[in-house]
Amino acid sequence: MPQLIETASRVTAAGTPPKTIDEYVGRVNTGAENVSVAHMRSPSGWAEPGQSPEFEEYTLVLRGELRVEYDGGELTVAAGQAVHTAPGEWVRYSSPGPEGAEYVAVCLPAFEIGAAHRDDD
């Protein structure tokens, strides 16, 4: 039988100015360890520390633009586009554009703060 996920859990975000993360599937909201699905909203000028996560991440931009820096360059991911990052790959996300960004992130396995390996750690 299908299981309805009625609400998301608001989780703390890294970076400044603060962004909003609503996790629908994952360790916090459903206890899932194999995948996380989160709806993110980052304001203009938001940036987070770089990271070399143990998980892979698929990010679908719904509105605005997301900048993804990586060793050797950077990508701008516009609304209607997506990006995939591999485990162990250093990346840094930001939303420097005037309207910020709204996007959905899917992590395999589920996001876990200790597995993000942020530059600040």
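Computed from a predicted structure; not experimentally measured. (Residues numbered from 1 in each chain as written. Predicted model: local features only at pLDDT ≥ 70, side-chain atom pairs only at ≥ 80, totals over all residues. Heavy atoms only, no water.)

*Asks:* Explain the side chain of Ser-36 residue by residue, including any values.
*Replies:* Mapping Ser-36 onto the fold places it in strand β3 (residues 36-42). In terms of polar contacts, Ser-36 uses its side chain to reach the backbone amide nitrogen of Phe-111, at 3.0 Å. When near neighbours in sequence (up to four residues on either side) are disregarded, Ser-36 contacts Glu-23, Val-25, Gly-26, Ala-105, Val-106, Cys-107, Ala-110 and Phe-111. (Helix = DSSP H or I, 4+ residues; strand = E, 2+ residues; numbered from the N terminus. Polar contact = N/O pair within 3.5 Å; in protein donor to acceptor, adjacent residues only side chain to side chain. Contact = heavy atoms within 4.5 Å.)

*Asks:* So what about the layout of surface pockets? Which residues, and what values?
*Replies:* Taken as a whole, the largest pocket encloses approximately 390 Å³ of empty space. In terms of lining, the largest pocket is formed by 27 residues, of which the most central are Val-11, Ile-21, Met-40, Phe-111 and Arg-118. Secondary structure elements with two or more residues in the lining of the largest pocket: β2 (20-25), β3, β5 (56-70) and β9 (101-108). Residue composition of the lining of the largest pocket, by class: 16 nonpolar, four polar and seven charged. (1 Å grid on protein atoms, 1.4 Å probe; cavity = no way out; pocket = protein on both sides within 12 Å on 5 of 7 lines; lining within 4 Å. Points joined across faces, edges and corners; volume = space filled by probe spheres on them. Nonpolar A, V, L, I, M, F, W, Y, C, P; charged D, E, K, R; others polar.)

*Asks:* Quick one: what's the story with the nonpolar core, residue by residue and with numbers?
*Replies:* Ranked by size, the top nonpolar core spans 14 residues in total, and within it Met-40, Leu-66, Val-68, Tyr-93 and Tyr-103 carry the most contacts. Elements that contribute at least two residues to this core include exactly β3, β5, β8 (91-95) and β9. Filtering out sequence-adjacent residues up to four positions away, Tyr-103 remains in contact with Lys-19, Ala-38, His-39, Met-40, Ser-42, Trp-46, Thr-59, Leu-60, Val-61, Leu-62 and Leu-66. (Core = buried A, V, L, I, M, F, W, Y, C linked by side-chain atoms within 4.5 Å. Buried < 20%, exposed > 50% of the residue type's maximum accessible area, 1.4 Å probe, protein only.)

*Asks:* Tell me about the pattern of salt bridges, and name the residues and values.
*Replies:* Here the structure, examined in full by the defined rule, presents seven salt bridges. For Glu-99, the salt bridge goes to Arg-63, with nearest N and O atoms at 3.6 Å. Note that Glu-99 is positioned in the loop between β8 and β9 and Arg-63 in strand β5, a separation of 36 residues in sequence. Take Glu-99: its relative accessible area is 46%, and that puts it in the partly exposed class. Note that Arg-92 is salt-bridged to Glu-69, the shortest N-O span being 2.8 Å. Taken together, the positions of Arg-92 in strand β8 and Glu-69 in strand β5 put the pair 23 residues apart, joining distant regions of the chain. Residue Arg-92 is classed as partly exposed on the basis of its relative accessible area of 27%. A single salt-bridge network, built from bridges that share partners, covers Arg-10, Asp-22 and Arg-41. (Salt bridge = Lys/Arg side-chain N within 4 Å of Asp/Glu carboxyl O.)

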